[in-house]
Amino acid sequence: MAKKDHKKSLSFSESVNHMVDRAFAVLDMDPGIANAIKACDAIIQVNFNVNIRGKIEVFTGWRATHSNHRLPAKGGIRYAPIVSQDEVEALASLMTYKCAIVDVPFGGSKGGLLIDPANYTRDEMQAITRRFARELIRKGFLSPATNVPAPDMGTGEREMAWIADTYKHLHPEDINYAACVTGKPVAHGGIRGRTEATGRGVVYSIREFFRHPDDMKAAGFKDGLGGKRIIVQGLGNVGYHAARLLDEEDDASIIAVIERDGVVINDNGLPIANLRQYINEHKTIKGFPDATFSENGQAALEMDCDILIPAAMEAQINADNADKIKTKLIVEAANGPTTFDADEILREKGISILPDAYVNAGGVTVSYFEWIRNLSHIRFGRMERRFDETRGQHLITAMESLTNATVPDWIKNEIVRGADELDLVRSGLDDTMRMAYQELSTVMKENDKIKDFRTAAYVVAVNKISRSYLDIGVY
Ligand code: GLU
């Protein structure tokens, strides 16, 4: 491959910016506007001390706000032993594009704390998290109106509950305190379906792809999702829910799962719920029954399959392995799993890629629903559920009395049942992922300079963002 290899020189944020530049080129956008859109508005670094087992430890964290054209700015907080300012900036910019693609009216932000959570007890993690949250709140980087974090790698419901409680103590007069963070436990203002949302959104994006015969054909598929051979890298929160749904609801075969310590392979498909159970118990995938184990997880990315779902770290598909990837479709469940150079190689090879900024937007979509729920102080469905049930019952009674026939029980149950919060969240998520896909697909069909989903996604995003800047007269 006679391609210039940027791999060593391009940082994560440069890699994202290069990809976005393709959209600016297609749109022939004024370079001033392009630079304004790409620039990160603000970034804060905090260094704070926590007393850990009698010793003072200094922790370093960041929060980047990439854009404020919509408020609040939104995005997760990552806890990881390797995280940097550049990474946080890149991830914050992806949040801006992601929100625009799925029409979530937020700016983009991201946070990171340099820590290996495995080295600390629950109480220590609580002290560290509360201290980090206090720093961000005091410095204006966390509030329901301006900047709202969420879970990301290494964080979950637990950390979000601590952050919300810390904010509440500092702002007892703010009745909307619960909206200062999303991804909280349901008992503390969280929303049903948030934990699975990103993984479920990934699956909704794949299902929508398979509803578009032209896109399927372009990727080399003759028939639907059932029976497709899928490799998933990373069985964390996102990868697990995506793989489980594909395995259980779509009749697809997850033939390999790559984790930190290697890969498990079974050509007939792995039972994902059992595998996750096994990992929880044994802290490894090694020894999982009815599967072949290999320590070389990276090599498994190059195995022959129909769909490859990277759901772990960034830069997993890079200039070193891109040429050896043998899949028809890459579905980017992780943020930034494909580097710019790899993307160029894959495009040349004709491999279709559903990009991160679209595919994993289900998380922030349901965060948006949670934020609205917190501001309205009422769970979705509470007012109308029983009303809908009664109306459904009347409909059945009317139908039966007019026709003198009996409606079968299963149809009756479906018609009578009023939607609860989880039904509504899933419906809103499904609609969001479908509509966004259709927008990308239309943009690709209407503009023959756009040959891939990533450029289409960034074209959609930067069009919306630049329109919003122009409307409010920033330029
Ligand atoms: N961390 C998630 C992401 O990368 C979720 C962000 C959010 O819900 O605000 O999209």
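Refer to the preceding data block for the structure.
Because the structure is predicted, anything quoted here is derived from the model rather than measured.

(A) Structural context of the environment of Lys412. Turning to its location among the elements, Lys412 is positioned in helix α15 (residues 409-416). Considered as a pair, Lys412 and Thr397 are 15 residues apart in the sequence and their alpha carbons are 10.0 Å apart. Those residues in contact with Lys412 that sit more than four places away from it in its chain are Ile396, Glu400, Thr406 and Val407.

(B) Inspection of the packing of helix α16 (residues 421-446) against helix α17 (residues 453-471) at higher detail. Packing of α16 against α17 brings their axes to within 9 Å, and their N-to-C directions diverge by 105°. Taken together, α16 and α17 sit at an angle that is classed as roughly perpendicular. When α16 is examined against α17, the residues Tyr437, Glu439, Leu440, Val443 and Met444 are found in contact with a partner set consisting of Phe453, Ala456, Ala457, Val459, Val460 and Lys464. Residue classes in the contact of α16 with α17 are distributed as 9 nonpolar, no polar and 2 charged.

(C) The sheet that holds strand β9 (residues 262-265), seen in detail. Spatially, 7 strands are ordered β10-β9-β8-β7-β11-β12-β13 in an open sheet, and the strand pairing comes out mixed. Every interior strand has two partners, whereas the edge strands, β10 (292-294) and β13 (352-354), have only one. Averaged over all pairs of adjacent strands, the angle between strand axes in this sheet comes to 15°, irrespective of strand direction. With 4 bridges connecting them, strand β8 (residues 253-259) and β9 associate as antiparallel partners. Paired with Ile258 across the two strands is Val263, which belongs to β9. Against the sheet, helix α6 (residues 197-209) makes contact with β11 (307-310), β12 (329-331) and β13, and its axis sits at roughly 150° relative to β12, the strand it touches most.

(D) Spatial organisation of the site of the ligand. With respect to spatial proximity, 14 residues lie near the ligand, and among them Lys74, Lys98, Lys110, Asp152 and Ser367 are the closest. Between the ligand and Arg194 there is a distance of 3.0 Å, counted from an oxygen atom to a side-chain nitrogen or oxygen. Here an oxygen atom of the ligand sits 3.2 Å away from a polar atom, N or O, in the side chain of Asn335. For the ligand, the accessible surface in isolation is 300 Å², of which the surrounding protein chains cover 95%. A total of 3 residues in the shell around the ligand trace back to one element, the largest contributor, which is helix α13 (residues 362-376). For the shell around the ligand, the per-class residue count stands at 4 nonpolar, 5 polar and 5 charged.

(E) Looking closely at the pairing of strand β1 (residues 42-52). Pairing between β1 and strand β2 (residues 55-65): 11 bridges, direction antiparallel. Its bridge partner lying in β2, Asn51 is registered against Ile56. Hairpin connection between β1 and β2: a loop of 2 residues separates the two successive antiparallel strands, and Arg53 in this loop has a positive phi of roughly 45°.

(F) How the structure looks around the side chain of Lys184. For Lys184, the position within the fold is in the loop between α5 (157-170) and α6. Here Lys184 falls in the buried class, since its relative accessible area comes to 2%. A distance of 2.8 Å separates the side chain of Lys184 from the backbone oxygen of Ala178, its partner in a polar contact. Among all residues touching Lys184, those that are not within four sequence positions of it are Glu157, Met160, Ala164, Ala178, Gly189, Gly190, Ile191, Glu370 and Asn374.

Reading the values: the criteria
- Residues numbered from 1 in each chain as written.
- Predicted model: local features only at pLDDT ≥ 70, side-chain atom pairs only at ≥ 80, totals over all residues.
- Heavy atoms only, no water.
- Helix = DSSP H or I, 4+ residues; strand = E, 2+ residues; numbered from the N terminus.
- Contact = heavy atoms within 4.5 Å.
- Axes fitted to C-alpha atoms, helices over the stretch in contact; angles between N-to-C directions.
- Parallel < 35°, antiparallel > 145°, perpendicular 65-115°, else oblique.
- Nonpolar A, V, L, I, M, F, W, Y, C, P; charged D, E, K, R; others polar.
- Pairing = 2+ DSSP bridges.
- Near = heavy atom within 4 Å.
- Polar contact = N/O pair within 3.5 Å; in protein donor to acceptor, adjacent residues only side chain to side chain.
- Areas by Shrake-Rupley, 256 points an atom, 1.4 Å probe, with all protein chains shown as cover.
- Buried < 20%, exposed > 50% of the residue type's maximum accessible area, 1.4 Å probe, protein only.

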